[in-house]
Amino acid sequence: RTYYKLDQLSQEPVPNDMPFLSIALTSVACLAVSLLAVRCYLLKWKRVRGRRISVAKHRSQEQASDQDQASDPGWAAVSLDQLEDLRRAARRHFGSGYSEVNMHNVVAELVRPLCEEHGKCYAHIINGDKLLHVTVFISHCWAENFEMFCDSVVRTFSQWTVKPNIWICATALF
């Protein structure tokens, strides 16, 4: 596959010898916009709930009550190990068809039934009383291969000394 870019002087398409750099930069820009959108959403949500946003007066995460945590979407994260557990459960559930599974399939057959049974999001089910606060928001396409999604997330954070709590819509929303 040949990728093309526009020559800056002639505006003619020329072969792009560094397509992955272009794709990577586009991905970084999309991630930055997604992170900004989540931050704005969380700030708006807190304003709607009548909380002060002032940094000096904002309670720390450790001081948040259990009720505040359960209703705050920022407390619906999962660990990388928990994502790996979901991957293993999907492998067992889908068997030989696992290689074709996407997020739609995993949510429909594994996540949603649990959420409906317990009346809360997957992250709250598996974390019980010890909810995890988001440190990294992950934006992705539900139509992508589930194994590739899990693998890319795990590889991305494999070198981090402190593993993040990740917010994934499929596990955080109900």
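Residues numbered from 1 in each chain as written. Predicted model: local features only at pLDDT ≥ 70, side-chain atom pairs only at ≥ 80, totals over all residues. Heavy atoms only, no water.

1. Side note on the confidence of the model for the chain
Note the threshold: Per-residue confidence from the predictor is reported as pLDDT, which spans 0 to 100. Counting from the N terminus, the helices are the DSSP runs of H or I reaching at least four residues and the strands are the DSSP runs of E reaching at least two. Between two residues, a contact is recorded if the distance between any of their heavy atoms is within 4.5 Å.
Looking at the chain, the pLDDT average stands at 78 and 61% of residues meet or exceed 70. For the chain, strand β1 (residues 4–6) is the element with the lowest average pLDDT, namely 48, and helix α3 (residues 80–94) is the one with the highest, namely 97. Segment residues 1–7 is flagged for pLDDT under 50; beyond a separation of four residues in sequence, or across chains, it makes 21 contacts in the model. A low-confidence stretch, residues 48–59 stays under pLDDT 50, and its non-local contacts, those more than four residues away or across chains, total twelve contacts.

2. So, the packing of α3 against helix α4 (residues 103–118)
To keep things clear, this is the line we draw: To obtain an axis, a line is fitted to C-alpha atoms, over the contacting stretch when the element is a helix, and the angle between two such axes runs from 0 to 180 degrees between their N-to-C directions. In what follows, roughly perpendicular refers to angles from 65 to 115 degrees, roughly parallel to angles under 35, roughly antiparallel to angles over 145, and oblique to any angle outside these ranges. Three residue categories are used. Nonpolar comprises Ala, Val, Leu, Ile, Met, Phe, Trp, Tyr, Cys and Pro, charged comprises Asp, Glu, Lys and Arg, and polar comprises the others, including Gly.
With their axes 11 Å apart at the nearest point, α3 and α4 run at an angle of 95° to one another. The angle between α3 and α4 places the two elements in the roughly perpendicular class. Contacts from Leu 86, Ala 89, Ala 90, His 93 and Phe 94 of α3 reach α4 at Asn 105, Val 106, Glu 109, Leu 110 and Val 111. Within the contact of α3 with α4, the residues separate by chemical class into seven nonpolar, two polar and one charged.

3. Regarding the packing of aromatic side chains
Keep this limit in mind: Each pair of aromatic rings taken from Phe, Tyr and Trp, with Trp reduced to its six-membered ring, is defined by centres within 6.5 Å and is described as stacked if the planes are under 30 degrees apart, edge-to-face if over 60, and tilted in the remaining cases. Accessibility here uses a 1.4 Å probe with only protein chains present; expressed as a share of the type maximum, an area under 20% marks a residue as buried, one over 50% as exposed, and anything in between as partly exposed.
Overall, the coordinates contain three aromatic pairs when judged by the stated rule. With centroids separated by 5.1 Å and ring planes inclined at 25°, the aromatic side chains of Phe 137 and Trp 167 adopt a geometry described as stacked. Note that Phe 137 is positioned in strand β3 (residues 136–138) and Trp 167 in strand β4 (residues 166–168), a separation of 30 residues in sequence. Each member of the pair, Phe 137 as well as Trp 167, carries the same accessibility label: buried.

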